[in-house]
Every structure is written in structure tokens, then in C-alpha cells.
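# Structural description and commentary
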Amino acid sequence: MNSTRHEEFRAYVADRGPTLLRAAMRLTSDRAEAEDLLQAALAKTYLAWDRIHDRSAVDGYVRRAMANTQISWWRRRKLDIYPTDQVPDRPVDDHTRRAEMRDALGRALGRLPERQRLAVMLRYYEDMSEAEIANVLGVSVGTVKSTVSRAMARLRDDDALGDDFPGIPPQRE
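Residues numbered from 1 in each chain as written. Predicted model: local features only at pLDDT ≥ 70, side-chain atom pairs only at ≥ 80, totals over all residues. Heavy atoms only, no water.

### Quick word on the side chain of T19
Selection criterion: The helix and strand labels rest on DSSP assignments: H or I over at least four residues marks a helix, E over at least two residues marks a strand, and numbering proceeds from the N terminus. Under the scheme applied here, a residue whose accessible area is under 20% of the maximum for its type counts as buried, over 50% as exposed, and between as partly exposed, the area being computed with a 1.4 Å probe on protein chains only. Between N or O atoms, a polar contact is any pair within 3.5 Å; within protein, one atom must be a potential hydrogen donor and the other a potential acceptor, and residues adjacent in sequence are included only when both atoms are from side chains. By the convention used here, residues are in contact when the closest approach between their heavy atoms is within 4.5 Å.
Positionally, T19 belongs in helix α1 (residues 3-28). A relative accessible area of 13% means that T19 is categorised as buried. Looking at T19, its side chain comes within polar contact range of the side chain of R22, at 3.2 Å. In contact with T19, not counting residues within four places along its chain, are R63 and E126.

Shown next, in the form of C-alpha cells:
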């Protein structure tokens, strides 16, 4: 690979790395495994960089490489826990609460006006800067800041969100 293509790949990774890491997190649910998965997929992409002529399709290529790599790793894992008639001494973590919170947050976001919901999603789910969001939405940075601020205030004051989690006291200022 010549130095121009090497720099092009390096710029791609620098630009898209955080987004691709979030995609890897969705596949693994563990930060360290996600980083390893992304690294393996980027290594495969680096080797195939000259064969990828449509640069707009690189994200799809990397995501497919991550999915295939994750499946391969999953198939290679050996069974670490063997079935037994004895109950384990320690309790097993219950991730139900996390799923319930995710569902409740999704419903709360659905109650926001479209522009506020979009601004929050771009800011906190896509990890875009305020300037990037302003560019995408075609508004000023100040508008993005105030929109996100209002959306977060509405989420804090959302009584229905508090109803979903009665054990968590509302945070009022």
C-alpha cells in the first residue's frame, strides 16, 4: 500500500473510529472486546483497502467484517461453564433492569418533539459535536445547545419516566 492510500486509511480510521467502536460495542457489550473486534476488522479492511473502490461503502465493509469476526470468535469459544445439579453459591447478574431502563428511555425520547429528539440522538447516541449537529440540522451552534438543553430538561421533568422507575427519586434542582 503506498503512502497516499495509507494516509487515506489513517484519516478514515481517525474520522470514523468512534462510530465504529459504538457499533462494535453493540455486538459485544464489552468495551475491551469491542476494541479488539474493531481492531481485527480494521486490520482486515486495511488489507482489502485497495480492492474497495467505492469509499462510501467502507463503513458497511468494516461492519460486515466485525459481524463475521464476532461470529467466528463466538464459534471458537469453548464452554467455560459446565451444567451441574448444584446451584452456584453466588447470584447471577440480572440485566433486566438495564433493558427496562433502555425501553423507558426510548419511550421518553419518543415523547420529545422531533427536533429535540434528533438533537439528543445525534449528541449522545452518535457522539457528534455541537458544530457537527448544527451542520447536519442546518442551524446555528447556539440553537443546537439550547435545543439539547431543553430536551434534557424535559427528560428530567418527564413524570412518565419517573413512573417507570418508582424507586429512583426525580432529580429536581
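From this point, the discussion proceeds with the structure in view.
### Looking at the packing of aromatic side chains
Put simply, the rule reads: Only rings of Phe, Tyr and Trp enter the pairing, Trp through its six-membered ring, and a pair is recorded when the two centres are within 6.5 Å. The plane angle decides the type: under 30 degrees is stacked, over 60 is edge-to-face, the rest tilted. Geometrically, a charge over a ring is one whose NZ (Lys) or CZ (Arg) sits within 6 Å of the ring centre while staying within 35 degrees of the ring normal.
Counting across every chain of the model gives three aromatic pairs. A centroid spacing of 5.1 Å and a plane angle of 80 degrees characterise the contact between F9 and W49, whose relative ring orientation is edge-to-face. Of this pair, F9 sits in helix α1 while W49 sits in the loop between α2 (31-48) and α3 (58-76), and the two are 40 residues apart along the sequence. An identical accessibility class is assigned to F9 and W49; each is buried. The interplanar angle of 45 degrees and the centroid separation of 5.8 Å between the aromatic rings of Y12 and W49 together place this pair among those described as tilted. Residue Y12 is found in helix α1, and its partner W49 is found in the loop between α2 and α3; the two are separated by 37 residues along the sequence. Given a relative accessible area of 1%, W49 falls into the buried group. One aromatic cluster is present, formed by F9, Y12, Y46 and W49 through successive ring pairs. Residue placement shows R123 over the ring face of Y124; its charged tip is 5.8 Å from the ring centre.

### Considering the packing of helix α4 (residues 96-110) against helix α5 (residues 114-125)
Selection criterion: Lines fitted to C-alpha atoms define the axes here, with helix axes fitted over just the stretch in contact, and angles between the N-to-C directions of these axes take values from 0 to 180 degrees. Just so you know how the angles are binned, under 35 degrees is roughly parallel, over 145 roughly antiparallel, 65 to 115 roughly perpendicular, and the rest oblique. Note on residue classes: Ala, Val, Leu, Ile, Met, Phe, Trp, Tyr, Cys and Pro are nonpolar, Asp, Glu, Lys and Arg are charged, and everything else, Gly too, is polar.
Where α4 meets α5, the axes come as close as 9 Å, and the angle between the chain directions of the two elements is 140 degrees. With respect to each other, α4 and α5 are oriented oblique. Residue-level contacts link L105, L109 and G110 of α4 to R117, V120, M121 and Y125 of α5. When grouped by side-chain class, the residues that make up the contact of α4 with α5 number five nonpolar, one polar and one charged.

### Description of the environment of I71
Tracing the backbone shows I71 in helix α3. Assessed through its relative accessible area of 36%, I71 is described here as partly exposed.

### Describing α4
Given 3.6 residues to a turn, an α-helix orients residues that are three or four positions apart in the same direction. Heads up, the rule is: One less than the residue count of a helix, multiplied by 1.5 Å, gives the span that helix is expected to have. Arc definition: it is the arc formed by the directions from the helix axis to the C-beta atoms.
Its 15 residues place the ends of α4 21 Å apart at the C-alpha level, agreeing with the 21 Å of an ideal helix rising 1.5 Å per residue. If you check which residues of α4 are buried, you get A104, A108 and L109. Looking straight down α4, one finds that the buried residues subtend no more than 140 degrees of arc, so they occupy a single side.

### Details of a negative patch on the surface
Using the following cut-off: Patch membership is restricted to residues that have no salt bridge and whose relative accessible area is over 30%. Joining uses 9 Å for like charges and 5 Å for the nonpolar side chains Val, Leu, Ile, Met, Phe, Trp and Tyr. Here the accessible surface of atoms and residues is derived via Shrake-Rupley with a 1.4 Å probe, and residues count as covered only by protein chains that are part of the display. By salt bridge we mean one thing: a side-chain nitrogen of Lys or Arg within 4 Å of a carboxyl oxygen of Asp or Glu. Working convention for charge: Lys and Arg count positive, Asp and Glu count negative, and His plus the chain ends are omitted. Note on charges: their place is set at NZ of Lys, CZ of Arg, CG of Asp or CD of Glu.
A contiguous patch of negative charge on the surface is contributed by D93, D94, E100 and D103. With respect to the secondary-structure elements, D103 resides in helix α4. For D103, a relative accessible area of 48% corresponds to the partly exposed category.

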